[in-house]
Amino acid sequence: PNSPGPVTIDRGLQPGTGTTDVILGAYYNNAINQNLAYFTQVLYQAAMNSSDNYRPGNSLNVNVGLRYVGLDMIIPQLQLNLRNLMRDTGSNSDNGNSGGTLLYLTPGIVAAVSDKVTLYAFIQVPVYQYVNGVQLAPYWIPTVGARYSF
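Residues numbered from 1 in each chain as written. Predicted model: local features only at pLDDT ≥ 70, side-chain atom pairs only at ≥ 80, totals over all residues. Heavy atoms only, no water.

S.K.: So what exactly am I meant to see when it comes to the environment of Ile 123 here?
M.R.: Along the chain, Ile 123 turns up in strand β6 (residues 117-131). Judged by relative accessible area, which is 32%, Ile 123 ranks as partly exposed. Residues Ile 123 and Leu 105 lie 18 residues apart in sequence; the distance between their C-alpha atoms is 8.2 Å. If near-sequence neighbours (up to four positions away) are discounted, Ile 123 is found in contact with Leu 105, Thr 106, Pro 107, Trp 140, Ile 141 and Pro 142. (Helix = DSSP H or I, 4+ residues; strand = E, 2+ residues; numbered from the N terminus. Buried < 20%, exposed > 50% of the residue type's maximum accessible area, 1.4 Å probe, protein only. Contact = heavy atoms within 4.5 Å.)

S.K.: I would appreciate a short explanation of a nonpolar patch on the surface in the present structure.
M.R.: Residues Val 64, Leu 78, Leu 80, Leu 105, Val 127, Tyr 128 and Tyr 130 make up a contiguous nonpolar surface patch of roughly 610 Å² in combined accessible area. Mapped by element, the contributors of at least two residues to the nonpolar patch are β4 (74-85) and β6. Of the residues forming the nonpolar patch, the biggest block, three residues, is contributed by β6. Among the secondary structure elements, Val 127 is positioned in strand β6. Since its relative accessible area comes to 53%, Val 127 is described here as exposed. (Patch = residues over 30% accessible without salt bridge, like charges linked within 9 Å, V, L, I, M, F, W, Y side chains within 5 Å. Areas by Shrake-Rupley, 256 points an atom, 1.4 Å probe, with all protein chains shown as cover. Salt bridge = Lys/Arg side-chain N within 4 Å of Asp/Glu carboxyl O.)

Just geometry here; none of it tells us what the structure is for.
Next comes the structure, spelled out in structure tokens:
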């Protein structure tokens, strides 16, 4: 078969954007009662410049969640994660195939292994996905990790 030769990958799929971004955020948490707590987080990310005629779209992320804190080591959580992403701009962007709105339901657990080590596992399941044009959109997103506090 004939190969088309080297093909440039869409800038939106490449690691890094080549721009400097400003990220503004706020986080709040509080107890509802002795065993139940809630939290909310808002993050806004905006590209301050462009690189090689490409500027990534600004994004707004809003997260709200509940935690059950009545168990000793395990903290079950349930979150709603909303991401609204504007279209990329510039002559090297794929403007028609960028941007969209994604809403996920995210159950998970956090386990305190010791005073300094915490393990966590979450799975984001799409509730609503609207993307402009043709884009990759995941069926689900698993996240596992560990945190060490100094």
